[in-house]
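Single-letter residue listing:
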Amino acid sequence: MDFIDLKTQQKRIREKIDERIRTVLSHGQYIMGPEVKELEDKLAQFVGVKHAIGCASGTDALLLSLMAFQIGPGDAVFTTPFTFVATAEAIALLGATPIFVDIDPVTYNIDPVHLEAAIAAVSQKNRKIYPLPRNCNVSQLSARAVVVVDLFGLPAYYHQIEPLARKEGLVLIEDAAQSFGAECFGRKACSFGHIACTSFFPAKPLGGYGDGGMCFTDDDHLVHILRSLRVHGQGTDRYEHIRLGINARLDTLQAAILLAKFEIFPEEIEMRQMVAARYLASLAGSRLTLPHIPAHFKSAWAQFSVLAENSSHRREIQDYLASQGIPTAIHYPLPLHLQAAFSYLGYERGDFPVAEDVATRIFSLPMHPYLTDAEQKKIGTAPIFY
């Protein structure tokens, strides 16, 4: 059994993928070829925003978004500690300070109530209001931006976070690396905030056969900055540079592959809903804490992640499932505030208890559109769950 089955998907669309690749090989425009613009236009229309800017990875999408607002030293950028390292890494690489905010215990996304407290703590220079980095001079920090993650495919509480960001005058960036195709109150993921970012890493709901990413915005000014930043800060021609940028172009071959895969993407999102529904029904009486999708939300189901009762229960479950040929994964075993890369901030265990607790109990079951009913019955009836 595969944790993520890309082989079945490829068999289904192999002819279209080969045709798309042959077209690129024929025209030879391997960098910023016409397929990149075609993909940008189609995905912008799908999301319901004016502009999409293809780039080299989801990490680059985050980096470009922060660079577009000149985020840097002295800026406090709020985000979750329960995510992949790229989210906070992009903040730190620019010299800004990641300010971690605990997660909601039901959705595992950033908690808007805690976010408001963290913003107040930075604005009032008061660690008593909310845990702040112990090794940073808080008096020199200014609340500047929020990077919100749509974990496991479920959009965050943007109906609460967007008004909060507006009230506080903060830049809002949506990290939709896992949620392309999801919805929140009728709006598609990648349509929230000033800029939204997604990833085309192969394991994502819409994944390529290598790295890739995209930024989305409705802002006519920002789109020009983003397009410049992704090609070394280029101006009107390739040898005029009006700002410092990076090399963050989306390869034409990856765009071509994504165009072929996007043709079946809306159907695959619905297939993911059916797979998730079967899981929820079959595991309803288990000892696991199952995913919760709030009313008016639709997940892209990048992962089907559940909570065991404790860490030893998780280890017992994973060992048993492995013996039955059922793969599992842990996303994420150690929150970012406890990782060595962020030790310079001076956070301590206990600062974000919800994230720390979830990290000790969470694990993910196989999840992809082509998971069969028989495979799910084998998983759902495993006696270790009951």
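A brief report on the enclosed structure follows. Here the structure is a predicted model, which means the values were calculated and not measured.

About the criteria used
- Residues numbered from 1 in each chain as written.
- Predicted model: local features only at pLDDT ≥ 70, side-chain atom pairs only at ≥ 80, totals over all residues.
- Heavy atoms only, no water.
- Salt bridge = Lys/Arg side-chain N within 4 Å of Asp/Glu carboxyl O.
- Buried < 20%, exposed > 50% of the residue type's maximum accessible area, 1.4 Å probe, protein only.
- Helix = DSSP H or I, 4+ residues; strand = E, 2+ residues; numbered from the N terminus.
- Expected span 1.5 Å × (residues − 1).
- Arc of directions from axis to C-beta.
- Lys, Arg positive; Asp, Glu negative; His and termini not counted.
- Polar contact = N/O pair within 3.5 Å; in protein donor to acceptor, adjacent residues only side chain to side chain.
- Contact = heavy atoms within 4.5 Å.
- Pairing = 2+ DSSP bridges.
- Bend = angle between axes of the 7 residues up to and from the residue.
- Phe/Tyr/Trp six-rings, centres within 6.5 Å; stacked < 30°, edge-to-face > 60°.

**What about the pattern of salt bridges?**
Scanning the model with the defined rule gives 21 salt bridges in all. Between K188 and E183 there is a salt bridge, and its shortest N-O distance comes to 3.5 Å. Taking the relative accessible area as the measure of exposure, E183 reaches 22% and is therefore partly exposed. Between R278 and D373 there is a salt bridge, with its nearest N and O atoms 3.7 Å apart. One end of the pair, R278, is in helix α9 (residues 265-282); the other, D373, is in helix α12 (residues 373-380), with 95 residues separating them in the sequence. Residue classification places D373 among the partly exposed positions, given a relative accessible area of 38%.

**Quick notes on helix α2 (residues 34-47)**
For α2, spanning 14 residues, the distance from its first C-alpha to its last is 20 Å, which sits close to the expected 20 Å at 1.5 Å a residue. Taken together, the buried positions of α2 are occupied by E35, V36, L39, E40, L43, A44 and V47. Looking straight down α2, one finds its buried side chains confined to an arc of 160°; they lie on one side. Looking one or two places after α2, you find G48, whose phi comes out positive at around 95°.

**What about the side chain of K261?**
With respect to the helices and strands, K261 occurs in helix α8 (residues 252-262). In this structure, K261 is buried with no salt-bridge partner, the nearest side chain bearing the opposite charge being E268 at 6.7 Å. Within the structure, K261 has its side chain in polar contact with the backbone oxygen of G207 (distance 2.5 Å). The contact partners of K261, leaving out residues within four places of it in the chain, are Q9, I13, L206, G207, G208 and Y209.

**Here we look at the pairing of strand β8 (residues 195-199)**
The element β8 is extensively covered by neighbouring structure, given that five of its five residues are classed as buried. Judged by which residues are buried, β8 turns out to be covered on both faces: I195, C197 and S199 on one side and A196 and T198 on the other are all buried. Direction of pairing for strand β5 (residues 171-175) relative to β8: parallel, over a ladder of three bridges. Across the sheet, residue E174 finds its bridge partner in β8, namely A196. The sheet contact formed by β8 and strand β9 (residues 213-217) spans four bridges and is antiparallel. Looking at the pairing, C197 lines up with C215 of β9.

**Some details on helix α1 (residues 6-27)**
Under the 1.5 Å per step criterion, the end-to-end length of α1 is only 28 Å for 22 residues, more than 12% shorter than the ideal 32 Å. Of all the bends in α1, the greatest, near 70°, is centred on I13. Among the residues of α1, those classed as buried are Q9, I13, I17, R20 and V24. Of the surrounding elements, those touching the buried residues of α1 are α2, α8 and α9. Near the N-terminus of α1, the side chain that reaches the backbone nitrogen of K7, with its oxygen 3.1 Å away, is that of D5. Two residues or fewer past α1, G28 is found with a positive phi of approximately 70°.

**What to know about the sheet that holds strand β7 (residues 187-188)**
Pairing is antiparallel across the open sheet formed by three strands, whose spatial order is β7-β6-β10. In this open sheet, the two strands that pair with only one neighbour each are β7 and β10 (297-298). As paired elements, strand β6 (residues 183-184) and β7 share two bridges and run antiparallel to each other. For C184, the partnering residue across the bridge sits in β7 and is R187.

**A few points about the packing of aromatic side chains**
Counted under the stated rule, the structure contains 19 aromatic pairs. Centre to centre, the rings of F46 and F262 are 5.4 Å apart; their planes meet at 90°, and the pair counts as edge-to-face. Taken together, the positions of F46 in helix α2 and F262 in helix α8 put the pair 216 residues apart, joining distant regions of the chain. Residue F46 is classed as partly exposed on the basis of its relative accessible area of 21%.

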